[in-house]
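# Secondary and tertiary structure notes
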Amino acid sequence: MAGDSGAADLRRRTPVTHCLTAGAGAPSSSSFAGGPFLFDPGEFPRPGPSALLLADVVNRLPHCRSATTAAAAARPAGLHGIPLHPAEKRWEIAMAHAEAGGSLPVPNVQALAQTYNRSDEQIPERYIRVEEAAEEVIIDHGISSAIPIIDVSKLLDPHSSKEECAKLGSACKNWGFFQVINHGVPNEVISNFRNDITEFFKQPLESKKVYSMIPGNLQGYGQHFVVSENQKLDWADLFSLMLRPIDSRDMRFWPSHPPSFRNSIDRYSSEAARLVSCLLKFLAIDMGVEPESFLEIFRGQPQSMRMTYYPPCRQADKVVGLSPHTDRMGLTLLLQVNDVQGLQIRKDGKWITINALDGAFIVNIGDTLEILSNGRYKSIEHRAMVHPTRERMSVAVFHAVWRDATVGPLPELVKNDGEARYSSVSYMDFMKRFFAAKLSGRGHVESLKNSLSAEMDNA
Ligand SMILES: O=C(O)CCC(=O)C(=O)O
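Residues numbered from 1 in each chain as written. Predicted model: local features only at pLDDT ≥ 70, side-chain atom pairs only at ≥ 80, totals over all residues.

To keep things clear, this is the line we draw: UniProt positions are given in the numbering used here, feature names are shortened, and annotations may be inferred rather than shown by experiment.
Per an unreviewed UniProt entry, the recorded name for the protein chain is S-norcoclaurine synthase 1-like, and the organism is Panicum miliaceum. In the Sequence similarities (unreviewed entry) part of its UniProt record, the protein chain is described as follows: "Belongs to the iron/ascorbate-dependent oxidoreductase family."

Printed below as a string of structure tokens:
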């Protein structure tokens, strides 16, 4: 297990009071995406004047696009190929998170559910989403089972590889979602991880609150994507962690209970990264691009995870567990933690329920991969719904391109297609756009399409 076993307690001992944007002096705050960005100087030692300039620049957000360029010019040489000092690397990672934004604080949903599920009182208005919850859903099991199932052992077998790879490509083009079986991730890794997640959420609220998100930081227990006081809210609590590269891990947020949790997260993370690399290699083959150079875009295998806890809701027909969204990353590996179904994907304008197969992972294409593929693969809108009497848990592990990558169509594909169907932006700009908006269906990826059309119209 990577990491310091006592580090979770550090957070309780070391108050997080130092403000990154304040320069080297006393704590202060600056407003960014709904809150000050606070950080712990002990965890992220200040590397030097160039990074201070970068911090200063972030203080001037929302002009962050040009600011990032200015900061890049002033940054340590590591970005241009010369290795960074570890402190500088951690600083950069902290900056990436800060720039990605934060969320307005909202009530804990598990606690709300305990109160409202026991009374006849209507749940708070901000959670009532009757129209959305009533949108047409196809529950027919025939259609659900039509979601492609990809057999990884067949991908790896020379006799069946070509055929299974074509099936994989077709799944990404027509569905953007598929399930993988015979994936080689040991059962024991999955079941330990599931047990520990279940144990974690079972704890009293006070024990979980130790890991609450810090404003402006995306890790920990709380909520994402709440950008306005009037916004409707999801019936779920989230817990997010950065998993890879290893030095992006902030052990303050890694739960120390149950005691095996850190180890089970670490093992699951390695297995997920291995499986996703394998799938990416076959996607490169399907697209006709060089696998090695395609995998380079995912250098260091940046990986984050979101565990979502959906409490039961007496008025389940009036709430949404997780708003319709697409994933911004490359590939997502989703594991349903218990046997309560709730994932729905939008196909041809209708919601379709997905029945997660026992022992399988659900994999989906994210916005980045849709763009890299120049629109061959589809990042599909999905949402999660809530059960009236049973809790539901899921864990999504997101795999991103490395943070200095450009998110844009692969040149080989543009050449082939005769046009780039999306704008190219730096990964940092891409992240800022994503977090600046609340979860909004395909809005994020469509905006990149539209900006290209607008550029062309203005040309
Ligand atoms: O809970 C689910 O099934 C979906 C989770 C999800 O889409 C996410 O975490 O992004």
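## Observations concerning the overall build of the protein chain
Applicable threshold: By definition, any uninterrupted DSSP run of H or I lasting at least four residues is a helix, any uninterrupted run of E lasting at least two residues is a strand, and each is numbered from the N terminus. Backbone-placed C-beta atoms define the burial measure: a residue is buried with 20 or more other C-beta atoms within 10 Å of its own, exposed with 12 or fewer, and partly exposed in between. Here, residue contact means that the backbone-derived C-beta atoms of the two residues sit within 7 Å.
Assigned secondary structure in the protein chain consists of 17 helices and 19 strands. Buried positions account for 42% of the 459 residues belonging to the protein chain. For the protein chain, restricting intrachain contacts to residue pairs at least 6 apart in sequence, the fraction spanning at least 24 positions comes to 76%.

## Things to note about the pairing of strand S13 (residues 343-347)
Operational definition: Think of it this way: DSSP has to see at least two bridges between two strands before they count as a pair.
Where S13 lies against strand S16 (residues 382-384), 3 bridges are found, and the strand directions are antiparallel. Across the sheet, residue Gln344 finds its bridge partner in S16, namely Arg383. In this sheet, strand S14 (residues 350-353) lies alongside S13 in antiparallel orientation, the contact comprising 4 bridges. What sits directly across from Gln344, in S14, is Thr353. Hairpin connection between S13 and S14: a loop of 2 residues separates the two successive antiparallel strands, and Asp348 in this loop has a positive phi of roughly 50 degrees.

## Topic: the sheet that holds S14
Sheet architecture is open: 5 strands sit in the order S5-S14-S13-S16-S11, paired in mixed fashion. The open sheet is flanked by strand S5 (137-138) and strand S11 (322-325), the only strands paired with a single partner. In this sheet, S14 lies alongside S5 in parallel orientation, the contact comprising 2 bridges. The residue of S14 that forms the bridge with Ile138 is Ile352.

## Observations regarding unusual backbone geometry
Here the amide bond leading from Arg244 into Pro245 is cis, since omega sits at 0 degrees, within 30 degrees of zero. As for its placement among the helices and strands, Pro245 is situated in the loop between strand S9 (237-244) and helix H12 (261-287). Although it is not a glycine, Asp348 adopts a positive phi angle of roughly 50 degrees. The backbone phi angle of Asn374 is positive, close to 55 degrees, even though this residue is not glycine.

## Notes on the sheet that holds strand S10 (residues 303-310)
Pairing between the strands of a sheet is mediated by backbone hydrogen bonds and can be parallel or antiparallel. Put simply, the rule reads: Comment: axis = line fitted to C-alpha atoms, over the contacting stretch for helices; angle = value between 0 and 180 degrees taken between N-to-C directions.
Spatial strand order, S6-S7-S15-S12-S17-S10-S9-S8: 8 strands in an open sheet with mixed pairing. Among the strands making up the open sheet, the edge pair consists of strand S6 (149-151) and strand S8 (220-222). Pairwise comparison of adjacent strand axes, ignoring direction, gives a mean angle of 25 degrees for this sheet. Across 4 bridges, the pairing between strand S7 (residues 177-181) and strand S15 (residues 361-365) is antiparallel. The residue of S15 that forms the bridge with Val180 is Phe361. Together, S9, S10, strand S12 (331-336), S15 and strand S17 (392-399) form the strand contacts of H12, whose direction differs from that of S12 by roughly 130 degrees.

## What about the site of the ligand?
Applied cut-off: As used in this record, a residue near a molecule or strand is one whose C-beta atom, placed from the backbone, is within 6 Å of it. Residue type decides the class: Asp, Glu, Lys and Arg count as charged, Ala, Val, Leu, Ile, Met, Phe, Trp, Tyr, Cys and Pro as nonpolar, and the leftover types, Gly among them, as polar.
Near the ligand, the surroundings consist of Arg306, Thr308, Leu322, Asp327, Leu334, Gly342, Leu343, His382, Ala384, Ser394 and Ala396. Of all the elements in the fold, those that place two or more residues in the shell around the ligand are S10, S16 and S17. Counted by class, the shell around the ligand contains 5 nonpolar, 4 polar and 2 charged residues.

## Re the packing of helix H9 (residues 161-174) against H12
Under the convention used in this document: The scheme is simple: roughly parallel for angles under 35 degrees, roughly antiparallel for over 145, roughly perpendicular for 65 to 115, oblique for anything else.
Between H9 and H12, whose axes approach to 9 Å, the crossing angle comes to 85 degrees. Comparing their axes, H12 and H9 come out roughly perpendicular. Counted together, Cys165, Leu168, Gly169 and Cys172 of H9 and Phe282, Leu283, Ile285 and Asp286 of H12 form the full contact between these two elements. Here the contact of H9 with H12 is composed, by residue class, of 6 nonpolar, 1 polar and 1 charged.

## What to know about the pairing of S12
When you tally the buried positions in S12, you get 6 out of 6 residues, the bulk of the element. Burial of the side chains of S12 extends over both faces: Leu331, Leu333 and Leu335 are buried on one face and Thr332, Leu334 and Gln336 on the other. In terms of strand pairing, S12 meets S15 through 4 bridges, oriented antiparallel. Looking at the pairing, Thr332 lines up with Asn364 of S15. As paired elements, S12 and S17 share 6 bridges and run antiparallel to each other. Residue pairing for S17: Thr332 is matched across the bridge by Phe398.

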